[in-house]
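Understanding the architecture of this molecule
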Amino acid sequence: NAGVMQNPRHLVRRRGQEARLRCSPMKGHSHVYWYRQLPEEGLKFMVYLQKENIIDESGMPKERFSAEFPKEGPSILRIQQVVRGDSAAYFCASSPPITDTQYFGPGTRLTVL
Amino acid sequence: GESVGLHLPTLSVQEGDNSIINCAYSNSASDYFIWYKQESGKGPQFIIDIRSNMDKRQGQRVTVLLNKTVKHLSLQIAATQPGDSAVYFCAEKRNSGYALNFGKGTSLLVTP
C-alpha cells in the first residue's frame, strides 16, 4: 500500500524560473494538503484541495504560488518566478474523507540559486 | 498570535528510559491534536492523535495525554530506543478548520 508520493525529491532552480512540485495522495484519499517547512521550523499550512476544488488557500502567498488537484493525475504546487526565500521543504499530505488525520509524503526540497 | 509551542527544543535520554515531550497550545477552540515524528530528510510520520473529548490515548509504546484546563499536551515514549531519535512535532486543528497548526519541534536524542 503505497504512501503519499512526491516528486521530485530535490529540485534546484535559478531565480526567476518556475518550480512544479507533484503530489500523489494515498489510495482512497481525496483530500490533499500542502505545507512548507523552513530549516529548523515546524510546518506551515499553505493550501487544502479536493478533486478539482481549492477548499482553503489561506496559507498561500497571494502572488506567484498556485495549486491544483485535477480530476486525473497528481496535485501540483506551482511557484512562478522563484526567489531565494522560496527555498524550503514542501510537504504534501493526504487524508480520506471525514477524517482529520493527515499522512505526509517525503517532501520536495527546493533550492533556489 | 495563537500558537502551538514546545517547552524544550532538545531532549536527551538514555536508551531504555522513558521520554516525555511536552507541548502547549493557546487556542481553546482546538479539538484535535496529533504527534508526528520526523527523521532527517524525511516527511513527518504519524505517531498518535487524540480528540478533545479524551484526556489519554495509548498506542504501541506511546501515550498521549491531553490537559485541556492548562492547554497542555504530552507524548510519552516507553523504553526509548535509538530508532526513536528524531524531531517530534505536536500539531492542533480547530473543528472549523482544515489546517494542522504545527509547533517548532523537539529534537529527541537517544544515547546508549
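Up top you'll find the structure we're talking about.
As the structure is a computational prediction, the values presented were derived from the model and not from experiment.

1. Quick look at the interface of chain B and chain A
When the parts come together, some accessible area is lost, and that loss is often what is quoted as the size of the interface. Listed by partner, the interface residues are 19 residues for chain B and 20 residues for chain A. Carbon and sulfur atoms supply 56% of the area that chain B and chain A bury against each other, a total of about 1500 Å² over both sides. Interface area lost by chain B to chain A is led by B:Pro44, B:Tyr98 and B:Phe102, which between them contribute 34%. Where chain B touches chain A, the interface holds two salt bridges. Broken down by secondary-structure element, the contributors of at least two residues to the side of chain B that touches chain A are β4 (30-38), β5 (45-51) and β9 (86-94) of chain B. The greatest single-element share of the side of chain B that touches chain A, amounting to four residues, is contributed by β4(B).

2. Points about the pattern of salt bridges
Residues and elements named next belong to chain A. Inspection of the entire model under this criterion finds nine salt bridges over all chains. The salt bridge involving Arg20 is made with Glu18; its shortest N-O contact spans 2.8 Å. Relative accessible area serves as the criterion here: at 28%, Glu18 is assigned to the partly exposed category. A salt bridge links Asp86 to Arg64; the nearest nitrogen and oxygen atoms lie 2.7 Å apart. Placement of the pair is Asp86 in the loop between β8 (75-79) and β9 (88-95) and Arg64 in the loop between β6 (53-56) and β7 (65-68), with a sequence separation of 22 residues. Judged by relative accessible area, which is 3%, Asp86 ranks as buried. By sharing partners, the salt bridges in this structure join Glu18, Arg20 and Arg78 into a single network.

3. Some thoughts on the state of the cysteines
Chemically, a disulfide is nothing more than a covalent bond linking the sulfur atoms of two cysteines. Residue and element names in this part refer to chain A. By the definition in use, this model includes two disulfides over all chains. Between Cys23 and Cys92 runs a disulfide, and the two sulfur atoms are separated by 1.8 Å. As the torsion about the S-S bond is roughly -50°, the Cys23-Cys92 disulfide counts as left-handed. On the criterion of sequence distance, the pair formed by Cys23 in strand β3 (residues 19-24) and Cys92 in strand β9 is long-range, its members being 69 residues apart. The class for Cys23 is buried, based on a relative accessible area of 0%.

4. Concerning the environment of A:Val32
Residues and elements named next belong to chain A. Along the polypeptide, Val32 turns up in strand β4 (residues 31-37). What makes Val32 buried here is its relative accessible area of 0%. As a C-alpha pair, Val32 and Pro61 span 29 residues in sequence and 18 Å in three-dimensional space.

5. Some words on the nonpolar core
Counting 23 residues, the largest nonpolar core has A:Trp34, A:Met46, A:Leu77 and A:Tyr90 as its most contacted members. When contributions to this core are tallied by element, the ones reaching two or more residues are β3, β4, β5 (43-50), β7, β8, β9 and β11 (108-112) of chain A. B:Val62, B:Val64, B:Leu75 and B:Tyr88 belong to the second largest nonpolar core, which has 20 residues in total.

6. A word on the environment of B:Pro82
Residues and elements named next belong to chain B. Structurally, the position occupied by Pro82 is in the loop between β8 (72-77) and β9. A sequence separation of 68 residues divides Pro82 from Gln14, and the C-alpha atoms of the two residues are 8.9 Å apart. Apart from the residues lying within four places of it in its own chain, the contact partners of Pro82 are Glu15 and Val110.

7. Remarks on the packing of aromatic side chains
Two measures describe an aromatic ring pair: the distance that separates the ring centres and the angle between the ring planes. Using the criterion set out here, one finds 11 aromatic pairs over all chains in the structure. Ring geometry for A:Tyr33 versus A:Tyr48: centroids 4.7 Å apart, planes at 10°, classification stacked. Of the two residues, A:Tyr33 is situated in strand β4 and A:Tyr48 in strand β5; the sequence distance between them amounts to 15 residues. Given the relative accessible area of 2%, A:Tyr48 is considered buried. Aromatic side chains A:Phe104 and B:Phe102 sit 6.0 Å apart centroid to centroid with 80° between the ring planes, which places their arrangement in the edge-to-face category. Remark: B:Phe102 occurs in strand β10 (residues 101-102) and A:Phe104 occurs in strand β10 (residues 103-104); the pair is interchain, linking two chains. For A:Phe104, a relative accessible area of 10% translates into the label buried. Every member of this aromatic cluster is reached through a ring pair, and the members are A:Tyr35, A:Phe45, A:Phe104, B:Tyr36, B:Phe89 and B:Phe102.

8. Remarks on the side chain of B:Gln38
Residue placement: B:Gln38 occurs in strand β4. A distance of 3.1 Å separates the side chain of B:Gln38 from the side chain of A:Gln37, its partner in a polar contact. Discounting residues that sit within four places of it in the chain, B:Gln38 has contacts with A:Gln37, A:Leu43, A:Phe91, B:Gly43, B:Pro44, B:Ala86, B:Val87 and B:Phe89.

What counts, and at which threshold
Residues numbered from 1 in each chain as written. Chains lettered and ligands numbered in written order. Predicted model: local features only at pLDDT ≥ 70, side-chain atom pairs only at ≥ 80, totals over all residues. Heavy atoms only, no water. Contact = heavy atoms within 4.5 Å. Buried area = accessible area lost by both parts, 1.4 Å probe. Salt bridge = Lys/Arg side-chain N within 4 Å of Asp/Glu carboxyl O. Helix = DSSP H or I, 4+ residues; strand = E, 2+ residues; numbered from the N terminus. Buried < 20%, exposed > 50% of the residue type's maximum accessible area, 1.4 Å probe, protein only. Disulfide = S-S within 2.5 Å. Core = buried A, V, L, I, M, F, W, Y, C linked by side-chain atoms within 4.5 Å. Phe/Tyr/Trp six-rings, centres within 6.5 Å; stacked < 30°, edge-to-face > 60°. Polar contact = N/O pair within 3.5 Å; in protein donor to acceptor, adjacent residues only side chain to side chain.

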